[in-house]
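Read off the chains here:
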Amino acid sequence: MNTVFDTLAFAKKLQVAGVSESVAVVHAEALAEMAGERLATKDDVMRLEERLTYRIEKVEDKFEKEIEKVTYQLTIRLGSLLTLGIVLVGALHKLFN
């Protein structure tokens, strides 16, 4: 089991505080077991960071593509409106002249 702290040092500190060796060892082992199940190691955090970075990059790519798509659509619409405006101005000019 990969512990996140030194069980021997912990047990020795308990002994210095007046806890018997057998109780100190049991406490250290129990705490190591609990910590091993519930606490994240540096490797755990690094793997999580890699997964999150990958997901963020995928979302960024998706948003960039969507922005390009919307930009293209808006360009087409703006061009259509400008063309329509020019045609209307030309028609009005011809109508009133």
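The preceding data block contains the structure.
In short, a report on the structure. (Residues numbered from 1 in each chain as written. Predicted model: local features only at pLDDT ≥ 70, side-chain atom pairs only at ≥ 80, totals over all residues. Heavy atoms only, no water.)

## Looking at the overall build of the chain
- Check the secondary structure of the chain and you find 3 helices and 0 strands.
- Listed N to C, the secondary structure of the chain is α-α-α in terms of helices and strands.
- For the chain, the C-alpha radius of gyration of 34 Å lies well beyond 13 Å, the compact-globule estimate for 97 residues.
- When the backbone C-alpha atoms are referred to their principal axes, the chain occupies close to 110 × 20 × 15 Å.
- Carbon and sulfur atoms provide 63% of the accessible area of the chain, an area that totals close to 8,800 Å².
- Here the chain carries 13 positive and 15 negative side-chain charges, and the mean point of each set is 10 Å from the other. (Helix = DSSP H or I, 4+ residues; strand = E, 2+ residues; numbered from the N terminus. Rg over C-alpha atoms; globule rule 2.2 N^0.38 Å. Areas by Shrake-Rupley, 256 points an atom, 1.4 Å probe, with all protein chains shown as cover. Lys, Arg positive; Asp, Glu negative; His and termini not counted. Charge placed at Lys NZ, Arg CZ, Asp CG, Glu CD.)

## Details of the pattern of salt bridges
- Within the structure shown, the criterion is met by 1 salt bridge.
- Where D44 meets R47, a salt bridge forms, and the shortest distance between an N and an O atom there is 2.6 Å. Residue D44 and its partner R47 are located together in helix 3 (residues 42–96), separated by 3 residues, close to a single helical turn.
- Classification of D44 by relative accessible area gives partly exposed; the value is 30%.
- According to the relative accessible area criterion, R47 is partly exposed, its value standing at 46%. (Salt bridge = Lys/Arg side-chain N within 4 Å of Asp/Glu carboxyl O. Buried < 20%, exposed > 50% of the residue type's maximum accessible area, 1.4 Å probe, protein only.)

## Examining the packing of helix 1 (residues 7–16) against helix 2 (residues 21–38)
- Two elements in contact, helix 1 and helix 2, have axes whose closest approach is 8 Å; the angle formed by their N-to-C orientations is 140°. In terms of orientation, helix 1 and helix 2 fall into the oblique class. The hand of the helix 1/helix 2 crossing is right-handed. Residues T7, F10, A11, L14 and Q15 of helix 1 lie in contact with helix 2, whose contacting residues are E21, A24, V25, H27, A28, L31 and A32.
- Per-class residue counts for the contact of helix 1 with helix 2 are 8 nonpolar, 3 polar and 1 charged. (Axes fitted to C-alpha atoms, helices over the stretch in contact; angles between N-to-C directions. Parallel < 35°, antiparallel > 145°, perpendicular 65-115°, else oblique. Left-handed = near helix turned anticlockwise from the far one by under 90°. Contact = heavy atoms within 4.5 Å. Nonpolar A, V, L, I, M, F, W, Y, C, P; charged D, E, K, R; others polar.)

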